[in-house]
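Observations on the model geometry
Each chain, written out:
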Amino acid sequence: MQTKTTPGAMLKAMREKPPLVQCITNYVAMNIAANVLLAAGASPAMVHAAEEAGEFAGIASALTINIGTLSTQWIDGMQAAAKAATSAGKPWVLDPVAHYATAFRRNAVADLLALRPTVIRGNASEIIALAGGESRGQGVDSRDPVKQAEGSARWLAERQRAVVAVTGAVDFVTDGERAVRIEGGSALMPQVTALGCSLTCLVGAFAATAPEDIFGATVAALSTFAIAGEEAALGAAGPGSFSWRFLDALAALDAETLDARARISAA
Ligand SMILES: Nc1ncnc2c1ncn2[C@@H]1O[C@H](COP(=O)(O)OP(=O)(O)O)[C@@H](O)[C@H]1O
Ligand SMILES: Cc1ncsc1CCOP(=O)(O)O
Ligand SMILES: [Mg+2]
């Protein structure tokens, strides 16, 4: 059996057997998130209708749910898909975009948390608020440093028995017992809309590839973004050229480069 113990080994395994990932994501993110998954080597499908989302979760290898552009109909699809994934033992990832902003979002996220996501991925303001803290988030944008969210992430991981990933200048991942920080990326990343949403979908792709090691899969997805982001920033004139360079850098990233350059340290 192939061992998938490093981010590079997981990336290689994903490309050898591209997983089908059901992404319930927002209107802003759909295109870039699908392109990110294709560039990384996975097979994305944006399927959210209540009439089919649960059935589709039965054929996908992982599911991701993002509440960015929420509506009542979408919530029905999210619930059906999350229930189907959980009952089939498939990993699913929750991205609680701006959940602190309105009661509608807060209630939707509370109901989704009750369906036991395998991974929760958010920016610092979102994770602080999920743990009941005072967040300074503005709409979908974080206004808090990741360091400030580390305690919240640990608490949330223990309470939910999930892997929690907080992203920002230095990312933080914990399962409640283990914790790491991941350096890399670029300050241009939050200047391009929906890159966080795309990362959530990529976490789903890695989780589908290594369901036996969800913590490692989450670290691998974040490390992939960190190194592709650094690479893309080298020649970028601003967010526009960064955006297409990022897709190229993701597609060009190989397992050896990822393992050689990833900067992951115990926290
Ligand atoms: N200041 C920064 N420097 C380096 N990388 C960053 C920075 N801010 C965000 N990133 C990276 O951008 C990606 C998206 O994260 P983030 O912007 O936190 O998500 P969201 O879009 O949900 O707010 C992650 O890979 C993260 O590491
Ligand atoms: C701008 C916007 N509005 C609703 S969802 C969305 C995209 C948010 O993307 P991200 O969380 O990756 O910044
Ligand atoms: Mg986000």
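Predicted model only: the values in this text are computed from it and were never measured.

**Focus on the pairing of strand S1 (residues 20–24)**
Of all five residues in S1, four are buried, a share of seventy percent or more. By the bridge criterion, three bridges tie S1 to strand S2 (residues 43–45) in an arrangement that is parallel. Paired with Val-21 across the strands is Pro-44, a residue of S2. Note on the crossover from S1 through helix H2 (residues 30–40) to S2: the handedness is right-handed. Bridge analysis of S1 against strand S3 (residues 62–66) gives four bridges, and the strand direction is parallel. Bridge pairing in S3 links Gln-22 to Leu-63.

**A closer look at the nonpolar core**
Counting 53 residues, the largest nonpolar core has Leu-37, Val-173, Leu-202, Phe-206, Phe-242 and Phe-246 as its most contacted members. Every element with two or more residues in this core is listed here: helix H1 (7–16), S1, H2, strand S6 (163–167), strand S8 (179–183), helix H8 (195–209), helix H9 (214–234) and helix H10 (239–252). Considering every element that reaches this core, the biggest residue donor is H9, with twelve residues. In this view, Phe-206 contacts Pro-7, Met-10, Leu-11, Met-14, Ala-217, Ala-220, Ala-221 and Thr-224; residues no more than four positions away in its chain are not counted.

Thresholds applied
- Residues numbered from 1 in each chain as written.
- Chains lettered and ligands numbered in written order.
- Predicted model: local features only at pLDDT ≥ 70, side-chain atom pairs only at ≥ 80, totals over all residues.
- Heavy atoms only, no water.
- Buried < 20%, exposed > 50% of the residue type's maximum accessible area, 1.4 Å probe, protein only.
- Helix = DSSP H or I, 4+ residues; strand = E, 2+ residues; numbered from the N terminus.
- Pairing = 2+ DSSP bridges.
- Right-handed = clockwise from strand over helix to strand, strands pointing away.
- Core = buried A, V, L, I, M, F, W, Y, C linked by side-chain atoms within 4.5 Å.
- Contact = heavy atoms within 4.5 Å.

On their own, these measurements won't tell you what the molecule is for.
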